Each structure stands twice: as structure tokens, then as C-alpha cells.
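# Remarks on the overall topology
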Amino acid sequence: MKVYMQPIESIVWFTKEGIPHPIRFRIQAEDQTYRVIKVSRIITRQEEKVAGNRMLIFRCQSEINGLLRVFELKYEINTCKWYLYKI
Amino acid sequence: MTKRIIMHIDVNSAYLSWEAAYRLQQGSSLDLRTIPSAVGGNPETRHGIILAKSIPAKKYKIQTGEALFAARLKCPHLVIVPPNYTLYRQCSQALKVVLENYSPLIQQYSIDEFFLDYTGMEKVLGDPLSKAYEIKERIKNELGFTVNIGISCNKLLAKMGSELEKPDKVHTLFPEEIPVKMWPLPVEELFGVGRATSRKLRDRGIRTIGEIAAQEPGYLKRFLKNYGILLWNYANGREDSPVRLSGTIPIKGLGNSTTIPFDVEDQRTAHLVLLSLAETVGMRLRQANLCAGLVAVSLKTNEFLCFSHQRKLYLPTDCTSAIHQVACELFDELWQGEPIRHLGLRVAELCSSDFFQSSLFEKDTEKQRRLDKAVDAIRLRYGSHAVFRSVFLHSGLKALSGGVLESEEYPMMSSIL
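Here is a short report on the structure shown in this document. (Residues numbered from 1 in each chain as written. Chains lettered and ligands numbered in written order. Predicted model: local features only at pLDDT ≥ 70, side-chain atom pairs only at ≥ 80, totals over all residues. Heavy atoms only, no water.)

## Remarks on a nonpolar patch on the surface
What counts is decided by this rule: Residues enter patches when their relative accessible area tops 30% and they take part in no salt bridge; the joining distance is 9 Å for like charges and 5 Å for the nonpolar side chains Val, Leu, Ile, Met, Phe, Trp and Tyr. Accessible surface area values rest on a Shrake-Rupley calculation with a 1.4 Å probe, where residue burial reflects the displayed protein chains alone. Salt bridge, as used here: a side-chain nitrogen of Lys or Arg that lies within 4 Å of a carboxyl oxygen of Asp or Glu. Only DSSP runs of H or I reaching four residues or more are called helices, and only runs of E reaching two or more are called strands; each is numbered from the N terminus.
There is a patch of nonpolar side chains on the surface, built from M1, I43 and V70 of chain A and spanning about 240 Å² of accessible area. Along the chain, V70 of chain A turns up in strand β6 (residues 67–76).

Okay, here's the thing in C-alpha cells:
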């Protein structure tokens, strides 16, 4: 996997306990077109506190271009921003 | 009493490490710590000095506090990043949260330094040395920056210990290790020996900490006064201040200063800068529930000459306007018309603002105090720039100045252990 750290737009549901579950997200390609990716499975979720900045890292799996790909999403709690971290 | 165990936790090149860790988290592929890099102020507003540097930058003999221009001469490919005080504050807070797992008694000594009282904790958590390694590793893994930890039986030795060899190390400096680990070091390494004291010591042929320790205390006292005795005790590892919780050191004075982006050449602008400083000082004074009995003004000219002037007040005050008025009077007496680079305002002789002696011959300040209180409340709720004086409109000056973070106290260095 390679680090991308691209900001993304996403649809997420939160549990009563406040745990986010990404459902789908869309990413803008270089030719300004949007690409929607549905998250089929969340494999792991872990918290990161680097530099005191809390972030949640989701390792997910989806079908992209006919291939089952594993990728990581990052949620920055402080700013409520979602990123495509690694793919 | 059982022997105390104190740890001193010190972040390695704090500002730079924090910035580097943050950038890595944000997806940067470059670790600033591995290249010659530095955190530096903005040269356009004349804050262009090196605040922190990476270890590779140290090899180019770049020093903290030197001008960015001078640093670039030494190392042309030096990467300079701007400071981000909110981030530092956040990192410092996260570090504190980790440390709180290891002892209930923690003192934040500065933004990047903590004392941790481990006395008695060995019964719960085990051997301090292995715990120190655990703390160090945990901070590295969780927070992404490295620390040095010094362990000893008092704060001074713990602090000296954490400064022995960097980065990412744990050192012990117990009294029996002093002759080997501390005495061979040059005098400048001793806590409390700065430029002035080091010169006095070196003029008398005292070059190492061991040589201070070996001196007759009376001899040191002759030229350093009581401070000589303190240094002699420090050199011998004797120091017994407690690990204090924050806010337990009484405030003796309070001040703010600012380097102005341009040279001030007229009285009106200088008075405005003083007002913006008075706003900050006054706010901090009222927040601490104190009144000041003395106001001091300092200025630095474009040729780096410094002047200062102070005056006692008849009546202690915490009013922004009253402080500003005295500051302006002092400034007018002090200023000879030179272009001004830096202005400072300080208050001292503090007393509680709850009760103080009032005077029949002074202006009634009750109304003014109510106004200040209202302004403070608005700023607290809606931000420090929610309300400001109209004289600052289109003046090109900040309505509040001094300090690095607005509306928040930022822990600075201290000489009191």
C-alpha cells in the first residue's frame, strides 16, 4: 500500500457509543471526475494519537475496478475530516 | 523518609519533533528530523530567528536563537518551517496525559518538560528504570516523538540527567554517579549557569562543574553572592524542591512584550502598541485575581539598545486604561526619539484584587473595572478579537499583543525548579 492522504467526501453512520462506520466515500480524480467507492467491509479500527492529534484509522476492503482491494481511511477527530490514507 | 525518585521528561528538539510527527501523520513522506531543518519565525515581521533545530542541522553549528539569515549562510539547503503554537500546546497536553498514568504528582516545567514524582510508585508499578524505558517507548509509539528521561533523587539531578546524551535515551544520575557523569561537564551545562555567571566563573579558572563543587563556598559567595552558595549546592547535587502541581508557584510579576513588524517612530503609534500590550497584561492580571502596584516599560531601539523605566502606583490597579496611562507617561519620559523595534510592559508588586486600600485622592475606578470585566467576559466567550478599541481600526497594529497564543497561558521557561 502507498500513502495518499487525500481528503474525501464520505457517508458514515455512527453508533450510539459514537463509533463511526464508513459506508461509502467519493474521491475526486485528477480529471475532476468523482469516483464513488462503497466500503464492503471494515477489517480493523485503531486510534492514533501522533502529536496529540487523535485520528481513527480504518482498514477496509472493497471491490475497485473488479479487484478486491484493501485500503485505509483516516478520520481526524479534531476537524471531522476524512482521508483516503493508504491504498 | 524513603529516598525520593524523580523523573525529568524532556522532549528532544521539541518544536521540530512535534512538527515532524504532525507532518508525518498528515501524510508527508519526509521526516524533518532526518534532514537539516529548523523551526523559525517569520523574517517579514522581524521574528526571524531559529526556535528549534533538527539533529542533522546541529552538525552545521546552527544555534537556537540565531537569525535565519545567519543559519542559511551556514547551511543553504536548511528547511525552515513556521511555528505552530497550538500544535505544541496539544502535544504537550497529550504527553501529560500519558505521564499521568505513571504518577499522580506531575509538574509541567515548561512546554516540553515535565517532572514526575515516582516516589512510592515502585511498589505499584515496579522498578523506575524499566518504567522509564516503558514511558519513553510508549511516547515514541503513541505520540510519535522521542524524549529523554533523567532519573534521580531530586529535580535538579533528574534534569541534569535528562540532558546527558540525546536523543531517545534514559539516564540515571544518582548522587553516587555525580563524580563520573556530572563533574567532568563544562560549567555552562549546570542548571542556573548562563552567560553572565559562566564568564565570572571562567575568569577565575573554574571550567567544570566538578571545579565548582570543589570550591570553598565562601569563595564563590564573594563574587556570586548567595547565588554562589546555590550553585555550589547544585554542583554537589543538593536540591530539595518538591514536585509542584501547576499554579502553586506564586506570581511575582507579569508582563508581555512584542517585536513590532516595523520601526516605530512616532509617539502615537508607540502609545498604541503599549495599549495593545496593556490589554493583554490587564487581562492576565484580572484572570489571576491580582492588582499591580508597579508598572514598568522597556524598549529596544533599532540598534538593539535597551532601556527601561518603572514607577510605583499610589493605588494598586488591574484596569487596562490605568496601566496604559502610566505606561505612556513612563514611555514619554524614557523615549529619546530613536526608532523603536521592541516594546515591553510589565507589572509587579502584585496584591489580591479582592480587597485593597482605596484612596480618596485617586479617580474612582469602579466603573472602569466593571467595563473591563464586561470586555473580558465577551472575549472569553466570543474570542479575544470579538471586541477591541476603535483606535486600532486601520492602524495596522494588533489590538492585543504579546504572548504566543491568544487568550491562553502558554508555559514558558522558568528558573525556579
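## Some thoughts on the environment of S384 of chain B
All names here are of chain B. Let me state the cut-off plainly: Each residue is placed in one exposure class: buried if its accessible area under a 1.4 Å probe, protein chains only, is under 20% of its type's maximum, exposed if it is over 50%, and partly exposed if it falls in between.
Secondary-structure assignment places S384 in the segment after α15 (366–382). Residue class for S384 comes out buried when judged on its relative accessible area of 8%. Along the primary structure S384 and S298 are separated by 86 residues, whereas in three dimensions their C-alpha atoms are 25 Å apart.

## Brief notes about the interface of chain A and chain B
Accessible area lost on assembly of the parts is the figure often given for the size of an interface. Quick note on the threshold: In this description, contact between two residues means that some pair of their heavy atoms is separated by no more than 4.5 Å. Accessible-area loss on putting two parts together, using a 1.4 Å probe and summing over both, is the definition of buried area adopted here. We call Asp, Glu, Lys and Arg charged. Ala, Val, Leu, Ile, Met, Phe, Trp, Tyr, Cys and Pro are nonpolar, and the rest, Gly among them, are polar.
Opposite the 13 residues of chain A that make contact, chain B presents 13 residues. At the boundary of chain A with chain B, total buried surface from both sides reaches about 1,000 Å², with 49% on carbon and sulfur atoms. On the chain A side of the interface with chain B, the three residues burying the most area are K49, V50 and A51 of chain A, jointly 50% of the side's total. Linking chain A with chain B are 1 salt bridge, by the criterion used here. Note that E142 of chain B and K49 of chain A form a salt bridge whose closest N and O atoms lie 3.4 Å from each other. Mapped onto the side of chain A that touches chain B, the elements with two or more residues apiece are β1 (3–14) and β6 of chain A. A breakdown of the residues in the side of chain A that touches chain B according to their chemical character gives 6 nonpolar, 3 polar and 4 charged.

## Regarding the sheet that holds strand β3 (residues 34–38) of chain A
Residues and elements named next belong to chain A. What counts, and what does not: When DSSP finds at least two bridges between two strands, those strands are taken to pair. With axes taken as lines fitted to C-alpha atoms, and helix axes fitted only over the stretch in contact, angles between N-to-C directions fall between 0 and 180 degrees.
Ordered in space as β3-β2-β1-β7-β6-β5-β4, the 7 strands form an open sheet in which the pairing is antiparallel. On the outer flanks of this sheet lie β3 and β4 (41–48), each paired with one strand and no other. Geometrically, the sheet is characterised by an average inter-axis angle of 35° between neighbouring strands, direction not taken into account. In the sheet, β4 pairs with strand β5 (residues 55–64) via 7 bridges, with the strands oriented antiparallel. Pairing of Q46 across the sheet is with I57, part of β5.

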